[in-house]
Amino acid sequence: MGERLKRQHHIPEDAFVACCIAAFRPEKGHRYLLHAFKEVVSIYPNSYLLLAGDGPLHEEMKLFVQETRLCEQVLFLGVLNDVRSVLAASDISIIASTAETFSMAMLESLAMGVPMVATDIGGASEAIQHGQTGLLVPSGDSTSLASAIERLILDGNARKRMGESGRLLVEEKFRQT
């Protein structure tokens, strides 16, 4: 499922792939994410960011990506009814929100064994246990977000361990009865 999406978008097999599944609204923090990802790509050019969603800031974010010459690494996928292929293609999932209650995208990511990097707001800490199921960063801090992404680029074992821990957490704590 994920390999097909990578081939479709010409993402190399050995690339590091991050995703963000969120509407393009101010509180979703895409500006912070794109600033962080610009920093990441300057150090790790074989990194890609898949953005799923739409919203009022969509065009503004596309323009930022063009202006910063990230068009090769940042892919806008639009609104998807099923995000499983995006998650299957991703090494990590990112939530950069500045305001959030509890993210279903976070649970979907963890359920598929994809570790999270997320801002420490709202209900994020209920599912993201820092260092165990993902990494929490301060809201609105592009530098901390970039550092967390870079940490997981460098440590594939931590990604695998966090992904498995996240999947188990969702099964145990958030399953429907």
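All figures in this text were calculated on a predicted structure; none of them were measured in a lab.

J.: Can you help me understand the environment of Leu34 in this one?
T.: Here Leu34 is to be found in helix α2 (residues 30–43). Expressed as a C-alpha distance, the spacing of Leu34 and Val65, which sit 31 residues apart in the sequence, is 7.6 Å. Ignoring anything within four residues of it in the chain, the contact list for Leu34 reads Leu49, Leu51, Met61, Phe64, Val65, Leu70 and Val74.

J.: Please explain the side chain of Thr133 as it appears in this structure.
T.: Of note, Thr133 is situated in the loop between α6 (124–127) and β6 (134–137). Looking at Thr133, its side chain comes within polar contact range of the main-chain oxygen of Ala127, at 2.9 Å. Engagement of the side chain of Thr133 in a polar contact is seen with the backbone nitrogen of Gln129, the distance being 2.8 Å. Contact partners of Thr133, with chain neighbours within four places excluded, come to Leu110, Pro115, Met116, Ala127, Ile128, Met162, Ser165, Gly166 and Leu169.

J.: Which parts of the structure should I look at to understand the pairing of strand β2 (residues 47–52)?
T.: Regular strands have side chains that alternate between both faces of the sheet. The element β2 is largely enclosed, with a buried count of six among its six residues. Where strand β1 (residues 16–21) meets β2, six bridges bridge the pair, whose relative direction is parallel. Within the sheet, the bridge partner assigned to Phe16 lies in β2 and is Ser47. Between the parallel pair β1 and β2, the chain is carried across by α2, and the sense of this crossover is right-handed. Note on the crossover from β2 through helix α3 (residues 58–67) to strand β3 (residues 74–78): the handedness is right-handed.

J.: Help me understand empty space enclosed by the protein in this model?
T.: Any empty space left between atoms is shown by rolling a water-sized probe over those atoms. For the structure on display, the rule yields one cavity of 30 Å³ or more. Here the largest cavity defines a volume of roughly 60 Å³. If you trace the largest cavity, you find 11 residues lining it, with Ile95, Glu100, Thr119, Ile121 and Ala124 closest to the centre. Grouping the constituent residues of the lining of the largest cavity by class yields five nonpolar, five polar and one charged.

Quick notes on the rules
- Residues numbered from 1 in each chain as written.
- Predicted model: local features only at pLDDT ≥ 70, side-chain atom pairs only at ≥ 80, totals over all residues.
- Heavy atoms only, no water.
- Helix = DSSP H or I, 4+ residues; strand = E, 2+ residues; numbered from the N terminus.
- Contact = heavy atoms within 4.5 Å.
- Polar contact = N/O pair within 3.5 Å; in protein donor to acceptor, adjacent residues only side chain to side chain.
- Buried < 20%, exposed > 50% of the residue type's maximum accessible area, 1.4 Å probe, protein only.
- Pairing = 2+ DSSP bridges.
- Right-handed = clockwise from strand over helix to strand, strands pointing away.
- 1 Å grid on protein atoms, 1.4 Å probe; cavity = no way out; pocket = protein on both sides within 12 Å on 5 of 7 lines; lining within 4 Å.
- Points joined across faces, edges and corners; volume = space filled by probe spheres on them.
- Nonpolar A, V, L, I, M, F, W, Y, C, P; charged D, E, K, R; others polar.

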